[in-house]
Amino acid sequence: DEGVQSAMYTFKNGISPAQATKWEFRPRAFTGVTGRIINTPSSMLEAADALNRSINYRAALNATIVRTAKTEGLNGKRLAERIADLKLSPTAPIMKEANRLAEYRLFRQEAGNVTSHLMAFRDSLPPLRFVIPFLRTPINLVKFGLERSPIGLMNPKLWRNIIGKNPEASDQIARIFLGSSIAAFFGWKFGLGELTGAAPTTAAERDRFYREGKQPFAVRIGNTWVQWQRIEPMNQTLSQLVAVMDAIEAKDKTATDKASQAASSIGQNLVSQTYVSSLSNLIDALSQPERFGSQFLTRQATAIIPASSLLRTTAQVIDPTIRKPQTIAQAMMATIPGLSKNVPPALTAFGEPAQRQSPPFSPILISPEKQDKVDAELGRLGVEVGFVGNTIAGVTLTPEEKYQYQVMAGQQSYVRLAKLVESSSYSQMTDRAKEQAINRRIDDSREIARNKVMPASLVKARKDALLKTKPSTTPSRNVAEAAQPRPTPTPTSNAVLEEFDRYMREKQAVPAGAR
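Conventions used here
Residues numbered from 1 in each chain as written. Predicted model: local features only at pLDDT ≥ 70, side-chain atom pairs only at ≥ 80, totals over all residues. Heavy atoms only, no water. Helix = DSSP H or I, 4+ residues; strand = E, 2+ residues; numbered from the N terminus. Areas by Shrake-Rupley, 256 points an atom, 1.4 Å probe, with all protein chains shown as cover. Buried < 20%, exposed > 50% of the residue type's maximum accessible area, 1.4 Å probe, protein only. Polar contact = N/O pair within 3.5 Å; in protein donor to acceptor, adjacent residues only side chain to side chain. Pairing = 2+ DSSP bridges. Axes fitted to C-alpha atoms, helices over the stretch in contact; angles between N-to-C directions. Parallel < 35°, antiparallel > 145°, perpendicular 65-115°, else oblique. Left-handed = near helix turned anticlockwise from the far one by under 90°. Contact = heavy atoms within 4.5 Å. Expected span 1.5 Å × (residues − 1). Nonpolar A, V, L, I, M, F, W, Y, C, P; charged D, E, K, R; others polar. Salt bridge = Lys/Arg side-chain N within 4 Å of Asp/Glu carboxyl O. Core = buried A, V, L, I, M, F, W, Y, C linked by side-chain atoms within 4.5 Å.

**Some points on the overall build of the chain**
- When helices and strands are counted, the chain shows 24 helices and 5 strands.
- Carbon and sulfur atoms make up 60% of the accessible area of the chain, which totals about 30200 Å².

In structure tokens form, the structure reads like this:
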């Protein structure tokens, strides 16, 4: 009841009762009816915080009162009377401790020295507040998770409390035991292959990872993958567990490489959190501007669109296809319902538009497991299909040509591989022969696609056009070369075209159970 009243007061007035009594609040930028509409999302968040704070404060207050009464050596009736008296008139130290615990459980405790310096640095550069809007809460979340893992045993405060016989030590030990026990259960799930860590780093492996319905940092429950990355504070404990076990299983790596891999996995989990994603994007853009610079600017541009989050979620509900914008204009269209379908889709290695599996409005990613026979066999053998390149016979492809190339090569590869793994002769092969058969069909599929997208005559024309645009630095040599007879271009054979046409017909006849 107390929590509900606090939440209603906060939603109505825009500030919590605690802020009102201390005058610790910022004035609203917008007032009146317009301000109420604009501030509704933030008011709802503040109301939720007020509800949870009231509940946690009352629980912490009662627990501190009981603990205080027991440390006075009372028991029986005298203990009950003392607890009743303290509930009616709690002392200042008790209320201070209850307030500290309530803030701690909401990840809003006061910043430490390191965090304070980081916040001061961010505030000294106003643009950084746009890139790093949250700092104290993310750091507190990390601390909260580490305290519930074996790493919590390295906390100097724990040992000081144990030596000083401080009752808080029992809470700290309980947190470590609880978190480690949960981690042990998930370690068992990892051994069964039902727990994932960071997504693979190579494009081909990562594509198969998502094709199979998997999510990074997720657990399989039945036939569904559920991401635990957003479930704080256990996220930190589980990410450490998965990182270490992944590194241990990497038998072909040295101890140094394993440690580096574990640290990288934990780091990926941390920077992929929504509250630090802007900082991660900024670091990527500064470290590799040629690769991530345009992506960073595109994200910042789309953030300017009013209600961009709501529009993006709505667009993803209407259009479940994952889009791959090439320009800032396309990035903006991808977030607008009705316009997103004008943006090119992201393709899988099998040339199919990648589909979003988890509901866009869910904060926790959930996707059905959908490993088919082809992907299961590829995973077992450690063979990847991969993506096509940017050139054919040394000629750079346009985005449209590369898209067509990927579609043709990928889809035909799937048709051929599906038929291969379903054949009776395949089961009689050795694993080495199976790998060779798979790679041969992938290569053949790409050869057919290459000749369809870029016939030999077009390759020659493109190269000739490129030579004409280059400035001549050695006239005599160019003249001599120009005098030489040019070979007659070899047209695409009818057999190749017939093979591709046959593939397009066979695509419709893929066994239903293979996909």
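**Notes on the environment of Glu422**
- Inspection of the secondary structure puts Glu422 in helix α20 (residues 399–422).
- On the accessibility criterion, Glu422 (36% relative accessible area) is partly exposed.
- In this structure the C-alpha to C-alpha distance between Glu422 and Lys373, which are 49 residues apart in sequence, comes to 8.5 Å.
- Separated by 3.3 Å, the side chains of Glu422 and Lys373 make a polar contact.

**Here we look at the sheet that holds strand β1 (residues 218–221)**
- Judged by pairing direction, the sheet is antiparallel, and its 3 strands sit side by side in the order β1-β2-β3 without closing on themselves. Only two strands of the sheet have a single neighbouring strand rather than two, namely β1 and β3 (366–368). Strand-to-strand twist across the sheet, computed as the mean angle between neighbouring axes with direction ignored, equals 25°.
- Relative to β3, strand β2 (residues 224–227) runs antiparallel, the two being bridged by 3 bridges. Bridging from a neighbouring strand, Trp225 pairs with Ser367 of β3.

**Concerning the packing of helix α11 (residues 168–191) against helix α13 (residues 234–249)**
- As a packed pair, α11 and α13 sit with axes 10 Å apart at the nearest point and diverge in direction by 40°. By the angle between their directions, the pair α11 and α13 is classed as oblique. In the packing of α11 onto α13, the handedness of the crossing is right-handed. Of the residues in α13, those touching α11 at Gly179, Ile182, Ala183, Phe186, Gly187 and Phe190 are Met234, Thr237, Leu238, Leu241, Val242, Met245, Asp246 and Glu249.

**A look at helix α6 (residues 92–105)**
- Spanning 14 residues, α6 covers 20 Å between terminal C-alpha atoms, matching the ideal 20 Å at 1.5 Å per step.
- Regarding α6, the residues found buried are Ile94, Ala98, Leu101, Ala102, Glu103 and Tyr104.
- Buried residues along α6 sit in contact with α4 (40–71), α5 (76–88), α9 (136–146) and α11.
- At the exit of α6 stands Phe107, carrying a positive phi of roughly 60°.

**Observations concerning helix α1 (residues 2–13)**
- For α1, which comprises 12 residues, the first-to-last C-alpha distance of 17 Å matches the rise-based estimate of 16 Å (1.5 Å per residue) to within 8%.
- At the exit of α1 stands Gly14, carrying a positive phi of roughly 85°.

**Thoughts on the pairing of β1**
- Pairing between β1 and β2: 4 bridges, direction antiparallel. By the bridge assignment for β2, Arg220 is matched with Trp225.
- Hairpin connection between β1 and β2: a loop of 2 residues separates the two successive antiparallel strands, and Gly222 in this loop has a positive phi of roughly 70°.

**Describing the packing of α20 against helix α21 (residues 431–453)**
- Across the interface, α20 lies against α21 with an axial gap of 8 Å and an inter-helix angle of 145°. Like other packed secondary-structure pairs, α20 and α21 cross with a definite hand, here right-handed. Contacts between α20 and α21 pair Glu401, Gln404, Tyr405, Met408, Ala409, Gln412, Ser413, Arg416, Leu417 and Leu420 from the former with Ala437, Ile438, Arg441, Ile442, Asp444, Ser445, Arg446, Ile448, Ala449, Arg450, Lys452 and Val453 from the latter.
- Class assignment of the residues belonging to the contact of α20 with α21 gives a composition of 11 nonpolar, 4 polar and 7 charged.

**Considering the pattern of salt bridges**
- Under the definition given, this model contains 26 salt bridges.
- Among the salt bridges present, the one from Asp49 reaches Arg108, with a minimum N-O distance of 3.2 Å. Here the residue Asp49 occupies a position in helix α4, and Arg108 occupies one in the loop between α6 and α7 (113–124), the gap between them amounting to 59 residues.
- Taking relative accessible area as the criterion, Asp49 reaches 29% and is therefore assigned partly exposed.

**Some points on the side chain of Thr196**
- You can see Thr196 is positioned in the loop between α11 and α12 (203–211).
- Separated by 2.6 Å, the side chain of Thr196 and the backbone oxygen of Gln215 make a polar contact.
- Here Phe217 takes part through its backbone nitrogen, which lies 3.3 Å from a polar atom of the side chain of Thr196.
- In this structure Thr196 touches Phe209, Lys214, Gln215, Pro216, Phe217, Ala218, Trp225, Trp228 and Val242, once residues within four positions along its chain are discounted.

**Quick word on the nonpolar core**
- Core analysis: the biggest nonpolar cluster contains 15 residues, and Phe350, Val374, Leu378, Val385, Leu417, Leu420 and Ile438 have the highest contact counts within it.
- Elements that contribute at least two residues to this core include exactly α19 (373–381), α20 and α21.
- Take this core: its biggest share by element is 4 residues, from α20.
- In contact with Phe350, not counting residues within four places along its chain, are Arg211, Val374, Asp375, Leu378, Val385, Gly410, Gln411, Tyr414 and Leu417.
- Ile65, Leu79, Ile83 and Leu101 belong to the second-largest nonpolar core, a separate cluster that totals 13 residues.

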